[in-house]
Amino acid sequence: MPMKDVLRYIVLAGTFLIPFIPLVVTGSLFFPYITGKNFYFRIIVEIMLVAWVPLMLMDAKYRPRFSWILGSVSLFVGVMLVANVFAEDVFRAFWSNYERMEGWVTLAHLLVYFLISISILNTEKLWRAFWNTSIAVAGLIGVLWLKEVYDITQAGGQVHRASINFGNPTYLAIYNVFHVFIALVLSLERLKKYWLLGIYGAIALMQVVMLYYTATRGSILGLIAGIGLTGLLIALFERKSVGLRNAAIGMVLAAVAVVGGFYAIKDTDFVRDSTVLNRFATITLDSGTAVSRLMIWNMAYEGFQERPLLGWGQEGFVHVFNKYLDPNMYAQEPWFDRTHNVFFDWLIAGGILGFIAYFTVPAAMLYYLWFYKRPEAHPSLMKRIISSIGFARYDEHPMSIAERALWTGMLAAYFVHNLFVFDNLTSYLLYIAMLAYVHVRVTSDRDAIAAHKTISPEVGSIVVFPFMVAVMIAFGLYSIYYPFSASRDVVQGLRLISQIPQIPADQISPGQKEELYRRALDLYTQADEVDFLGRQEISEQFVQAASRIAQSDAPDEIRQQFIDRAGASMERQIARVPNDARTLIFMGQFLSTTGATTRALEYFERAREASPTKQSIYFEIGSRHINLGNVDEAVETFRTAFELAPSNIQAREFYALGLIYDGRIEEAEALFVDDDGEMLVTSDKYFVNEDGVLVMNDDRFLRSYEAGGHHDRVLAILRERLRLSPASIQAHVSLAAGYAGAGNDAAAIETLEAAIELDTAFEEQGRAFIEQVRSGALRRQ
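First, a word on scope: everything that follows refers to the structure included in this document. (Residues numbered from 1 in each chain as written. Predicted model: local features only at pLDDT ≥ 70, side-chain atom pairs only at ≥ 80, totals over all residues. Heavy atoms only, no water.)

## Some thoughts on the environment of Thr 170
Logical step 1: Position of Thr 170 among the secondary structure elements: in helix H7 (residues 169–188).
Logical step 2: On the basis of relative accessible area, Thr 170 is assigned to the buried category, the value being 14%.
Logical step 3: Each C-alpha atom, one on Thr 170 and one on Leu 211, is 9.0 Å from the other, the two residues being 41 residues apart in sequence.
Logical step 4: If we ignore the near neighbours within four places in the chain, the residues touching Thr 170 are Arg 161, Thr 216, Ser 219, His 417 and Val 421.
Logical step 5: In terms of polar contacts, Thr 170 uses its side chain to reach the side chain of Asn 168, at 2.8 Å. (Helix = DSSP H or I, 4+ residues; strand = E, 2+ residues; numbered from the N terminus. Buried < 20%, exposed > 50% of the residue type's maximum accessible area, 1.4 Å probe, protein only. Contact = heavy atoms within 4.5 Å. Polar contact = N/O pair within 3.5 Å; in protein donor to acceptor, adjacent residues only side chain to side chain.)

Set out below in structure tokens:
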């Protein structure tokens, strides 16, 4: 077989393997639903590139043809390259992390995938085969989901939001939306093959059902908007088929009916009892999700104003989040690395230049769908320019009105979805494939770039192909192999540390246990040597593992090695990005675990400088001051945190604790109850008892009251615990110790005797406790 054919088949095989990527889940890797898909995508693309470069140099028909879609995609990737060079964290902007696996490296792979797709899938027949492959995989995913639902219901469990092989319902949701439209596009070409229409219809319906059970509001709204827009476009511009036009009008009416019908029943029990429908019924501007989104978008806008031209680089929102955090986000996740809005995501990542470049891509697609006209329809340049002002008619465009309307509807659905969430690899792949398809359909009559220049098969086989193999092996070591191995090592080390304590003592010798601990240390050390993708996550996992080992029965030497190596790993990460509050907090917590409280405090202070409005950092600082006996500093720190967001009950608690340690009981309790005895907070833990004493049923307050010798408050808490658990022996013993600590030995003995009556098995121990009370030795256990 000629070398050219071999290369072509390699590229084609890789292209048709791409739709299978959503099936990949790698349990042996960190973030198994993300990393495996991305690593396999990189492997496939790099193998394809090795074969495609010599192939397109040997034969011009496998080179890309120019379109403004190609130009806009290339422009966007180029602008983001420049933005990332000037990023706040250049390393992360290029390599990203395991949780997202984006960064410029992924953009570059997506660009290569686009170039290869528009070059190798250069006929309608190949594209039809590609879309059918993707639809078949979507159908298989639907079957796997149905089996999962069946297994759960058979076991008596409850079916939650669908995510199947994607790990996140929002990732599955946009995949479903894409394949609804792909199935409809394929159906247009098979209107007279009813059996095939039935298959496409069944798969499309399955996608809609899965989409419903993802309960992803943005994607469902996107589908409704996309279907409505598709119907409207066909109804307005379709002239050949009255039946198709009537069906389109039905689509518009159906979309309106769905929205209007839901609004009419949104307050009914039927909607309230449905997990999915209730998510839509509760959408308001003052709901938790809406409020947090608005706060995040405001923070993103502030970050954009600081760096408007090229932004903060990819993965740069973490720095914006640190710097401009709204303290009222205390009830949300502690860290956000995305704005959950495509407009703000790219404003932050690439500034106004990246934002414009990103939106030239859909603009170019819409141009070719609706304004582009075949060159032969208007041969002269001037006539072509004048004619481009209006929509392309049937005889002026290679695609039908219905197909153009469907792809436009898909584009609208995709961007409605991205108004509320963000992209992932599977949505990128489908978006790139859609762009590539439109590109090929409108450029099939053009010459390839530099079509007259080729190389001989011998040069391609003997020189170019081996050169590309060598280059890709070298690059693949850093983009795939080393990060893949490090991810696997971290997971193996984590599993090993979790398994060791569970091994029964009679099944493992001390020497064997030491060997397992040493093996875990070697795995983490080996992973830490990889200085590419996932650098920060490896350091974080290392210090978390070292914290666990520090509290374990591992030999002292191994514990110290874990602590030293993990600390050094995090120090390197902090040296690279010194103003990342997250890593500084991790380091502070790690040092606190190992007993280095003073050093921990230094890192928490640095974290506060990086994120001055994050209350949890103040809690860490104040707590360390309490441990060091710096009560005045603790009170001031907790006060500052409280004033940032007084509605945060946790901030109120910490401030009160600081005041109690400082002996200012009245001020502390005034944070919870007013002068009239009315509670200022709503919580079952805090109330005023019948004696007029504020009960703070929380271990932290119990310890602070004990430290200050406030026995009436201690006893109020312990009595409440006994009331809540009257059959608890421990509650009796604790209350007895509280009475003894307050000097009320009679009440302590009475409480212990009551415990003995509850459980005769406690009698021997209870009598011993009574003797300790009489001797003055008992303290609260």
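## Concerning the pattern of salt bridges
Logical step 1: This model, assessed by the stated rule, comprises 37 salt bridges.
Logical step 2: In this structure, Asp 698 and Arg 700 form a salt bridge, with 3.1 Å as the shortest nitrogen-oxygen distance.
Logical step 3: Look at Arg 700 and you get partly exposed, because its relative accessible area is 22%.
Logical step 4: Salt bridges here are not isolated pairs; linked through shared partners, they connect Glu 99, Arg 100, Glu 102, Glu 315, Asp 337 and Arg 338. (Salt bridge = Lys/Arg side-chain N within 4 Å of Asp/Glu carboxyl O.)

## A short note on the packing of aromatic side chains
Working definition: an aromatic ring pair is given by the centre-to-centre distance plus the angle between the planes.
Logical step 1: Within this structure, the stated rule accounts for 54 aromatic pairs.
Logical step 2: Aromatic side chains Tyr 367 and Tyr 368 sit 4.9 Å apart centroid to centroid with 75 degrees between the ring planes, which places their arrangement in the edge-to-face category.
Logical step 3: Note on Tyr 368: relative accessible area 1%, which makes it buried.
Logical step 4: Where Phe 542 meets Phe 562, the ring centres are 6.1 Å apart and the plane angle is 85 degrees; that geometry is what we call edge-to-face. (Phe/Tyr/Trp six-rings, centres within 6.5 Å; stacked < 30°, edge-to-face > 60°.)

## A look at the environment of Gly 142
Logical step 1: Mapped onto the elements, Gly 142 comes out in helix H6 (residues 124–154).
Logical step 2: Taking relative accessible area as the criterion, Gly 142 reaches 0% and is therefore assigned buried.
Logical step 3: For the pair Gly 142 and Leu 644, spaced 502 residues apart in sequence, the C-alpha separation works out to 48 Å.
Logical step 4: When sequence neighbours within four positions are dropped, the list of residues in contact with Gly 142 reads Met 206 and Met 210.

## A look at the packing of helix H17 (residues 401–418) against helix H18 (residues 425–443)
Logical step 1: Running from amino to carboxyl end, H17 crosses H18 at an angle of 150 degrees, the nearest separation of the two axes being 12 Å. Here H17 is positioned roughly antiparallel relative to H18, judged by the angle of their axes. Considering only the axes of H17 and H18, their crossing is left-handed. For the pair H17 and H18, the contacting residues are Glu 403, Trp 407, Met 410, Leu 411, Tyr 414 and Phe 415 in the first and Ser 427, Tyr 431, Met 434, Tyr 437 and Arg 441 in the second. (Axes fitted to C-alpha atoms, helices over the stretch in contact; angles between N-to-C directions. Parallel < 35°, antiparallel > 145°, perpendicular 65-115°, else oblique. Left-handed = near helix turned anticlockwise from the far one by under 90°.)

## Quick notes on the nonpolar core
Logical step 1: Ranked by size, the top nonpolar core spans 196 residues in total, and within it Trp 407 and Phe 562 carry the most contacts.
Logical step 2: Looking at which element gives the most residues to this core, the answer is helix H15 (residues 342–370), with 16 residues.
Logical step 3: Not counting residues within four places of it along the chain, the set of residues in contact with Phe 562 comprises Ile 497, Tyr 517, Ala 520, Leu 521, Tyr 524, Phe 542, Ala 545, Ala 546 and Ile 549.
Logical step 4: Counting residues in each nonpolar core, the second largest holds 52 residues, with Ile 626, Ile 717, Tyr 739 and Ile 749 among its members. (Core = buried A, V, L, I, M, F, W, Y, C linked by side-chain atoms within 4.5 Å.)

None of this, on its own, says anything about what the molecule does.
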